[in-house]
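# Summary of the model geometry
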Amino acid sequence: ATVKTDYYTEPYRPQFHFSPEEKWMNDPNGMVYHKGIYHLFYQYYPEDIVWGPMHWGHAISKDLVSWEHKPIALFPDKHGLIFSGSAVVDFANTSGFGTEDNPPLVAIFTYHLMEGEQAGRKDFQTQGIAYSLDNGDTWTKYEGNPVIGNDGIKDFRDPKVFWDKVNHTWVMALVAGDHLQLWNSDDLKKWTKLSEFGKDKGAHGGVWECPDLFPLKVEGTDEEKWVLLISINPGAPNGGSGTQYFVGDFDGEKFTTDQTDIKWLDWGTDNYAGVTYNVLPENYYGNNYANDPGQDRILIGWMSNWTYARDTPTEKWRSAMTIPRKLSLQKLGDDFSLFNYPIRNFELLINREGKKDITVAQGEPEILLFENFNQTEIQFIIDSKDFRLTFGNSNGDKLGLGIDSEIHEFGIDRSKSGRVDFQEDFASIPQMPVNDLPDSEYEVRIILDLSSIEVFLNKGQYVMTAQIFPTENYTDLTIENPGGSEINLKDFEINKVKRIWK
Ligand code: FRU
């Protein structure tokens, strides 16, 4: 492959988040761990910086924080474009595509026919499969495609397949417009429908997309619950695209839940279509989890929003992925809460520079200067629910964030953060209720790259992710105490985040 020397120097190019070398990217796809390598495929249009006929782009990583670009993995064919889906290690060669000694990687995805080809057809979204016998480098489509046809469901897509350890079968989570369908198969080719979920549960402000279903231990207990992720667009709490989740049970056939409220994974405007890695149990074929992140449940989301994804002010490529995040399930009172927080390997990118304690009195803001805040991690422990942080630069751009204790809401104000004029909804101010933050102290962690901010309150209990396009990098940070008494920011750190890949 040719080395592109101007890569990473373009305005707004993320320095440590994954972005395609060039052209349009949306959802993460086919996330699977195999022989020490994390594969990341993604919705990709190689001809333009707007959405178009979808392919699967491909990148690999050993640590999830440094990436190597690979050639395009899947191209459209006569059955349609290649929409979102998943990949598995078919470790017992159930599909027969490989051998027991060299089990195949199998990708399961949606075929989508182009508009002109859809006329009068009910089957314009079907499910297909492809396999690789060389660790994901080259792929062969199954000649029996599609493996699941369609007799008239309008939005029928985004298969997430996983191995059901209890029932020794493959299970597929698939969305059908306003609900989830579960299917199973012994060989990844012949599929049987098991059940449906969700017509009367959760948020329905838009189409259900990109499901994921997986078990998770409740932190500090031996109890295991099942978590269902469903992305919806539109209908997110701060507009456009967002991801809701359900905590419940899966008996091998049905997903059920007592949950009555609507829960959101990330309240920011820019974390969509996130799904998690398929990881086989230890000692299964080729897997060795001596190194972190082991068998953690790790999510990557697309750091954009369909409301303005095609309008953002970049020229060579469009959009990036979130920092990989570890999911954990916490029980707070009688309720479950899904936390998401940067994986431990993110530490590989940080030079920790030392900490200090900062006290801020009302009306006496603290101002900190730094050469470039747009490649930093900032973290501290705070003893108040009243604070405001504002990043600024010499052009007068201002990016604000903080909690308003009167309404118990956290918000990110990017309305004057730099370029916001490319689409009318971009300047809105996303907010989230933070009623269940600990009363005493909690951690605030902020990760800033050239065109994004991710904020994690209390180790991922409340999370907000947003794109930003400052006209120059931020160089000052003002900390304010809008409330009454003093506020204390303990162990305050500003750390540079380095890029450790070419
Ligand atoms: C989600 C989505 C998926 C679909 C893909 C098409 O962002 O709409 O439902 O498979 O993008 O690119």
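Look up: the structure comes first, before these words.
The structure reproduced in this document is the subject of the present report. Being a predicted model, the structure only gives us computed values, none of them experimental.

### Some words on the layout of surface pockets
Estimated volume of the largest pocket: approximately 820 Å³. Lys-165, Pro-215, Glu-224, Gln-295 and Arg-297 are the residues nearest the centre of the largest pocket, which is lined by 31 residues in total. Of all the secondary-structure elements, those providing two or more residues to the lining of the largest pocket are strand E5 (81-89), strand E9 (156-164), strand E13 (207-217), strand E14 (224-233) and strand E21 (325-332). Partitioned by chemical class, the residues of the lining of the largest pocket number 17 nonpolar, five polar and nine charged.

### Some details on the pattern of salt bridges
Any two side chains of opposite charge can pair, given that their charged atoms come close. This structure, assessed with the given rule, holds 31 salt bridges. One salt bridge connects Arg-13 with Glu-10, and the closest N-O pair in it is separated by 3.0 Å. The pair formed by Arg-13 and Glu-10 is uniform in burial state, with each residue classed as buried. The network of salt bridges with common partners includes Glu-347, Arg-352, Lys-355, Glu-377, Arg-445 and Glu-493.

### Considerations on the packing of aromatic side chains
Applying the stated criterion across every chain, the model contains 36 aromatic pairs. Geometrically, the ring pair formed by Phe-426 and Phe-469 is tilted, given 5.9 Å between the ring centres and 45° between the ring planes. Taken together, the positions of Phe-426 in the loop between strand E28 (409-416) and strand E29 (431-433) and Phe-469 in the loop between strand E32 (462-467) and strand E33 (476-480) put the pair 43 residues apart, joining distant regions of the chain. An identical accessibility class is assigned to Phe-426 and Phe-469; each is buried. One aromatic cluster is present, formed by Tyr-12, Tyr-308, Phe-422, Phe-426 and Phe-469 through successive ring pairs. Geometry around Phe-426 places Arg-414 over its ring, the cationic atom sitting 3.7 Å from the centre. The cationic tip of Arg-499 hangs over the ring face of Tyr-8; the distance from NZ or CZ to the ring centre is 3.9 Å.

### Structural notes on the site of the ligand
Neighbouring the ligand are the residues Asn-26, Asp-27, Gln-43, Trp-51, Met-54, Phe-83, Ser-84, Arg-157, Asp-158, Glu-209, Tyr-272 and Trp-306. Measuring from an oxygen atom of the ligand, one finds a backbone N or O atom of Ser-84 at 3.1 Å. In this structure, an oxygen atom belonging to the ligand sits 2.9 Å away from a side-chain N or O atom of Glu-209. Those elements giving two or more residues to the shell around the ligand turn out to be strand E1 (23-34), E5 and E9. A breakdown of the residues in the shell around the ligand according to their chemical character gives five nonpolar, three polar and four charged.

### Side note on the side chain of Asn-150
Summarising the element assignment, Asn-150 is placed in the loop between strand E8 (140-141) and E9. Among the residues examined, Asn-150 registers a relative accessible area of 10% and is labelled buried. A polar contact is formed between the side chain of Asn-150 and the backbone oxygen of Gln-125, at a distance of 2.9 Å. For Asn-150, the side chain forms a polar contact with the main-chain nitrogen of Ile-153, separated by 2.8 Å. Apart from residues lying up to four places away in sequence, Asn-150 is in contact with Lys-122, Asp-123, Gln-125, Thr-126 and Phe-156.

### Some thoughts on the environment of Lys-23
Positionally, Lys-23 belongs in strand E1. Judged by its relative accessible area of 24%, Lys-23 falls in the partly exposed class. On a C-alpha basis, the gap between Lys-23 and Tyr-44 in space is 7.7 Å, while along the polypeptide they are 21 residues apart. Among residues more than four places away in sequence, those in contact with Lys-23 are Tyr-44, Tyr-45, Pro-46, Glu-47, Asp-48, Ile-49, Lys-316, Trp-317 and Arg-318.

### Some remarks on empty space enclosed by the protein
One pass over the full model with this rule turns up three cavities of 30 Å³ or more. Of the volumes computed, that of the largest cavity is approximately 100 Å³. Looking at the largest cavity, it is lined by 15 residues, and the ones nearest its centre are Pro-28, Gly-85, Ser-86, Pro-159 and Val-275. Every element with two or more residues in the lining of the largest cavity is listed here: E1, E5, E9, E13 and strand E18 (272-276). A total of four residues in the lining of the largest cavity trace back to one element, the largest contributor, which is E1. Looking at the lining of the largest cavity residue by residue, the classes come out as six nonpolar, seven polar and two charged.

### Focus on the sheet that holds strand E10 (residues 169-176)
Ordered by their spatial adjacency, four strands build an open sheet running E9-E10-E11-E12, and the pairing between neighbours is antiparallel. Across the chains shown, the open sheet's two edge strands, defined by having one partner strand only, are E9 and strand E12 (192-197). Within the sheet, the average angular offset between the axes of one strand and its neighbour, ignoring direction, is 25°.

### So, the pairing of strand E26 (residues 387-392)
Judged by how many residues are buried, E26 sits mostly within the fold: five of six residues are covered. In the sheet, E26 pairs with strand E27 (residues 398-404) via six bridges, with the strands oriented antiparallel. Paired with Gly-392 across the two strands is Lys-398, which belongs to E27. In textbook terms, the turn of a hairpin is the stretch between consecutive antiparallel strands, and for E26 and E27 this stretch comprises five residues, one of which, Gly-396, has a positive phi near 90°. Two strands pair when backbone bridges link them, and E26 and E33 are joined in this way by five bridges, in the antiparallel orientation.

### Looking at the nonpolar core
Counting 56 residues, the largest nonpolar core has Phe-387, Leu-401, Phe-410, Ile-453, Leu-457 and Phe-492 as the members making the most contacts within it. For Phe-410, the contacting residues outside a window of four places in its chain are Phe-387, Leu-401, Gly-402, Ile-403, Pro-430, Gln-431, Met-432, Val-434, Val-455, Leu-457 and Met-464. Counting residues in each nonpolar core, the second largest holds 42 residues, with Trp-24, Cys-210, Val-275 and Trp-306 among its members.

### Considerations on the sheet that holds strand E3 (residues 55-61)
The five strands are arranged E4-E3-E2-E1-E20 in an open sheet whose pairing can be described as mixed. In the strand order of this sheet, the two ends are held by strand E4 (68-74) and strand E20 (317-318), each with one partner. Taken together, the two bridges between E1 and E20 define a ladder with parallel strand orientation. Opposite Trp-24, over in E20, you have Arg-318 as the bridge partner.

Here is what the cut-offs are and how they apply
Each residue is numbered by its place in its chain's sequence as written, counting from 1. Local features in this predicted model are restricted to residues of pLDDT 70 or higher, and side-chain atom pairs are both shown and tallied only at a pLDDT of 80 or more, whereas totals for entire chains, interfaces and linings draw on every residue. Each side-chain value is derived from all of the structure's non-hydrogen atoms; neither hydrogens nor water enter the calculation. Definitions used throughout: a 1 Å grid over protein atoms alone; a cavity as a set of points that fits a 1.4 Å probe which cannot get out; a pocket as an open set with protein on both sides within 12 Å along at least five of seven lines; a lining residue as one with an atom within 4 Å of a point. Grid points are joined across faces, edges and corners, and a volume is the space filled by probe spheres set on the points. Helix numbering and strand numbering both begin at the N terminus, where a helix is a DSSP run of H or I of at least 4 residues and a strand a DSSP run of E of at least 2. Charged residues are taken to be Asp, Glu, Lys and Arg, nonpolar residues to be Ala, Val, Leu, Ile, Met, Phe, Trp, Tyr, Cys and Pro, and polar residues to be all remaining types, Gly included. Salt bridge, as used here, is a side-chain nitrogen of Lys or Arg placed within 4 Å of a carboxyl oxygen of Asp or Glu. Only protein chains enter the accessibility calculation, which uses a 1.4 Å probe. A residue is then buried if its area is under 20% of the maximum for its type, exposed if over 50%, and partly exposed in between. Stacked, tilted and edge-to-face pairs are distinguished by plane angle, under 30 degrees for stacked and over 60 for edge-to-face with tilted covering the rest, among Phe, Tyr and Trp rings (Trp via its six-membered ring) whose centres lie within 6.5 Å. Should the NZ of a Lys or the CZ of an Arg lie within 6 Å of a ring centre and within 35 degrees of the ring normal, that charge is described as sitting over the ring. For this description, a residue counts as near a given molecule or strand if any of its non-hydrogen atoms is within 4 Å of it. A 3.5 Å cut-off defines polar contacts: any pair of N or O atoms within that distance qualifies, except that in protein one atom must be a possible hydrogen donor and the other a possible acceptor, and neighbouring residues in sequence count only when both atoms are side-chain atoms. Contact between two residues is taken to exist if any of their heavy atoms lie within 4.5 Å; hydrogens are not considered. Whether two strands pair depends on DSSP finding at least two bridges between them. For helices, the fitted axis covers only the stretch in contact; all axes are lines through C-alpha atoms, and the angles between them, taken along N-to-C directions, range from 0 to 180 degrees. To qualify as a nonpolar core, a set must consist of buried Ala, Val, Leu, Ile, Met, Phe, Trp, Tyr and Cys residues joined through side-chain atoms within 4.5 Å.

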